[in-house]
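Fold and geometry: a report
Here's the letter readout for the chains.
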Amino acid sequence: MLHGKALVTVAALLLLVIPFTVYAATDAVINGTEQSQVTTVLSSQGAESTDGDDFESDMIILSDTEQSVTSLLSSHMSLQESQAVVKDESGSIVVEDEDYVRVGIFIEGEAKSKYVIRSDTGFEYGYSDDVYFTKVGETDTSSVTIQSSGSNTVQIYDASGKFIYEFEEKNGSALAIRACGYATLTPTSPRKSSSVYYDYEGYFEFPRVSTSSGSAMRLINVVELETYVLCVLPCEIGSYAPIEAMKAQTLCIRSIVMSPDMNKKHDDCNICSDTDCQAYYGTYNLDITKEASVKRYNNLVSAVEDTKGEYLVYVGNDKYYGTIVQAAYHSNSGGSTVSAKSFWGVSNQPYNAAVRIPEEVDYYNWGAAVVKLEEIYAATKMSDFTESTTSWKKEIASLGMIASVEILELEKNSDHVIKLAIRDVNGKEVILDRGTYIYYFIHRVILNCETYYKDTQVTILSSTNFTWTPIDSSAVDLRLQTSEGSTVVPSDEPVTVVTADGEVTYEIPGETVVITSDGQEKVDLTVDAEGYKLVGKGWSHCVGMGQKTAETLADLGFKYDEILHRFFTDIEIFNMEDTGYEFSYDS
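Just so we're clear, the structure is a prediction, and the values are computed from it rather than from any experiment.

**Some points on the overall build of the protein**
Helix and strand content of the protein: 13 helices and 38 strands. Here the protein holds 587 residues, and the buried ones make up 52% of them. Excluding contacts between residues fewer than 6 apart, the proportion of contacts in the protein whose partners are at least 24 apart in sequence is 65%.

Below, the structure is given as C-alpha cells:
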C-alpha cells in the first residue's frame, strides 16, 4: 500500500459501540541504531509511549467478523503517520512523518526502454527497495536519461550523454532519482503538448518489466499521499466546484488509493495515473489553477487540509465490515446510479449500491432520433468485436443482420439497464447481463449512428441509463405538407388541423383522421420497426458519487459527509489522524 511498509503494524483498531484502544509496534533503524520493542498506545484518552512488556497482556483480540478497519489497511499503513525513511550514502536516516503512495505513470503506455527526466536543481540518484530511498550520488546536470540495458541493469546518463551510474536490480530494488532540494521532476514523456510538460513532486522509481518487445521500465512516482490527493482533486472535479463537493471528492480519492481492490490491480504500484484509476498529471492542474485564481487554489488546499486523514469505511453487517471503500465516482448519472455488482460484476462492494438522487437535475442528455438496424449490425463488425478474444465480444461479432434489440431488465431502485438482448435474423441471441458490456456495446452503436446527438462537448457521451423504443407511431415524427412547404411535428406534440368545421386537435400517437372526398377516415400510421429511438442520460459508469450531482447538493446546503451518505450505503467517515476517535456501529 503506502510507502513505508511494515514500519507500523496495527493490532486492533475498531470495536463495536465502545471507545477503542490500539497498539502499534514499530521497528526501525534511526541513525544506524536499531530501535526495537517501541510500542505506541492510542486510546480515547490520547497517545503515550510504553515498553513491549505490557503489549501482549492488554492486546484486544477481535473475532473474524470484527477485524477492524485494519483488515484492509494491511501492514503498510500506520494509524497516524507512516514513516517514509530516506537514507544517504553514509547510512544516516531521515524520518519523514508522512504517508507516501506509489503511482504508476501509465498515461502513454505502461513501460518504456528509455526515459528523459529534467530538473532545475540537479539530481540525487540511488535506489529504492519499496521502503527506503538510498542515495548513492548526485549530479548537477539539467537532465538525465534512464536507459534499460542488459537483462537486469539500468544506466543513467547526463545531458551531454556522459555515463553517470549503473544499477543492477536484485531483491525487488529499483533505480531511483529525485531532484536536489526536493524540487519537482519533469519527464519529457508523458507531456501535455509539444511544449507543456508535467512536473512531479517526490521521486521516481524505474522497476524493470518484461514486455513483448523486450525488457523495459515502468515510471513510478513516489509522492506524499496528501500531495497526491491535492494534485488529483482539480483533475477529477475541477477547481470551480463548491468547497463541500471538493471535500467529498477528496475522501473518494483518498479512500480509493487505500482500498484493497485498487491495491491488487497493479503489481508494482498502489495506483496508476490514468483515468482507469484516477487522473493524475503531477502538479500541472494545480499549478495552472494557482496562476489563474488564488481563491480557487486555496479552496483546493482547504478541501484537502480540512479532511486530512479521513477515509470512508464500510460498516454494513456482513464480511466486508471494516473495509475502506473503493469510493467510485463519475460525472453524472441522470437521477439514479447503478450498483458495482450490476455494472462491474463484483460482489465485494456492497457500499456501491444503486440509489436515486432526485435533486440531480444538471446531467448530460444524449441519444439518437433513429438507430437503424444496419447501424447496429455495422457496430457488431467493428474491430473492437471481430478482433477481440473476449468471449462476449466474440459472440457479438458472430451475429448476422440484426433483427431486434430489447431491454430485458433495469437495476432495482434505478433506471439503468442491466440486461440487454440482441437478436439476429437467423434466430441467434446474445444476452448482455453486465453494465460494462452494455455500456461498451451502446458506445460502439453510437459511433455508427448518423442521428446521434449530445448536449455537451464531450466527444462521445453514453451510459447505461437509457430508453430504447422501437420506431412506430409513438416514436416517429410527423411531416406535414402545406401550401407553405413541409414541416416536422414532433411525435410528443398534438397536431391541430383546420377544417371547414373549425380547428380539430389530434394527439400523436393516437388515432389520426384524414379528410377524404368520402368524409373522415381513420388511418393507422404505425410502421414496421426498422430501428429504435435512443434517449440517454448521464455519462460514464454511473457507480458511486456523481460529481456534478455533488456540486448540486453542495449548492443546496449539504455538507460533504451528507453528500457522501447520499451516494454510498452503510459507510462512516473514519479519521486516521484522530487518536481519540470513538467509533460506533449500529446493527
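Alright, that's what it looks like, and here's the rest.
**Let's talk about the sheet that holds strand β12 (residues 143-149)**
The strands that make up a sheet pair up through hydrogen bonds in the backbone, lying either parallel or antiparallel. Across the sheet, which stays open at both edges, the five strands sit in the order β14-β13-β12-β9-β16 with antiparallel pairing between neighbours. Among the strands making up the open sheet, the edge pair consists of β14 (163-168) and β16 (186-187).

**So, the nonpolar core**
With 82 residues, the main nonpolar core has I146, I177, F206, Y228, M545 and L564 as its most contacted residues. If you tally residues by element for this core, the top one is helix α4 (residues 243-258), at nine residues. Ignoring anything within four residues of it in the chain, the contact list for M545 reads A248, Q249, C252, A328, Y329, H330, A550, I563, L564, F567 and F568. Judged by nonpolar contacts, the second largest core, of 33 residues, contains Y364, A368, V405 and V445.

**Focus on the packing of α4 against helix α6 (residues 294-306)**
Across the interface, α4 lies against α6 with an axial gap of 9 Å and an inter-helix angle of 55°. As the angle between them shows, α4 and α6 are arranged oblique. As α4 packs across α6, the resulting crossing turns out to be right-handed. Between α4, through I243, M246, K247, T250 and R254, and α6, the contact on the second element is made entirely by N299, L300, S302, A303, V304 and D306.

**Some remarks on the pairing of strand β17 (residues 203-206)**
The side-chain alternation of β17 yields two buried faces, one formed by Y203 and E205 and the other by F204 and F206. Both strand β15 (residues 174-179) and β17 contribute to a ladder of four bridges, which runs antiparallel. In the sheet register, R178 faces β17, and the bridge partner there is Y203. Bridge count for β17 against strand β20 (residues 220-224) is three bridges, and the pairing is antiparallel. Bridge pairing in β20 links Y203 to V222.

**Things to note about the layout of surface pockets**
In this structure, the largest pocket spans a volume of roughly 1,100 Å³. Lining the largest pocket are 36 residues, and of these T275, D276, Y329, S540 and H541 lie nearest its centre. If you list the elements that add at least two residues to the lining of the largest pocket, you get α3 (225-236), β23 (329-330), α7 (340-344), α10 (391-397), α11 (435-447) and α12 (547-555). Per element, the largest residue contribution to the lining of the largest pocket is six residues, and it comes from α11.

**Focus: unusual backbone geometry**
A positive phi angle is found at C542, which is not glycine, with a value near 65°. Here C542 lies in the loop between β36 (531-537) and β37 (545-546). For D570, which is not glycine, the phi dihedral falls at a positive 55°. By secondary structure assignment, the location of D570 is in the loop between α13 (560-567) and β38 (571-575).

**Regarding the sheet that holds strand β25 (residues 402-410)**
Read across the open sheet, the three strands follow the order β25-β26-β27; overall the sheet is antiparallel. The strands lining the two open edges of the sheet, one partner per strand, are β25 and β27 (429-432). Between one strand axis and the next, the sheet turns by 15° as a mean value, whatever way the strands run. Packed on one face of the sheet, α11 meets β26 (417-424) and β27 and runs near 55° to β26.

**Some thoughts on the packing of helix α8 (residues 373-380) against α11**
Close contact between α8 and α11 brings their axes to 8 Å; oriented N to C, the two are set at 115°. Judged by the twist between their axes, the crossing of α8 over α11 is right-handed. Residues I376, A379 and T380 of α8 lie in contact with α11, whose contacting residues are F441, R444 and V445. A breakdown of the residues in the contact of α8 with α11 according to their chemical character gives four nonpolar, one polar and one charged.

Analysis parameters
Residues numbered from 1 in each chain as written. Predicted model: local features only at pLDDT ≥ 70, side-chain atom pairs only at ≥ 80, totals over all residues. Heavy atoms only, no water. Helix = DSSP H or I, 4+ residues; strand = E, 2+ residues; numbered from the N terminus. Buried < 20%, exposed > 50% of the residue type's maximum accessible area, 1.4 Å probe, protein only. Contact = heavy atoms within 4.5 Å. Pairing = 2+ DSSP bridges. Core = buried A, V, L, I, M, F, W, Y, C linked by side-chain atoms within 4.5 Å. Axes fitted to C-alpha atoms, helices over the stretch in contact; angles between N-to-C directions. Parallel < 35°, antiparallel > 145°, perpendicular 65-115°, else oblique. Left-handed = near helix turned anticlockwise from the far one by under 90°. 1 Å grid on protein atoms, 1.4 Å probe; cavity = no way out; pocket = protein on both sides within 12 Å on 5 of 7 lines; lining within 4 Å. Points joined across faces, edges and corners; volume = space filled by probe spheres on them. Nonpolar A, V, L, I, M, F, W, Y, C, P; charged D, E, K, R; others polar.

By themselves these figures say nothing about function.
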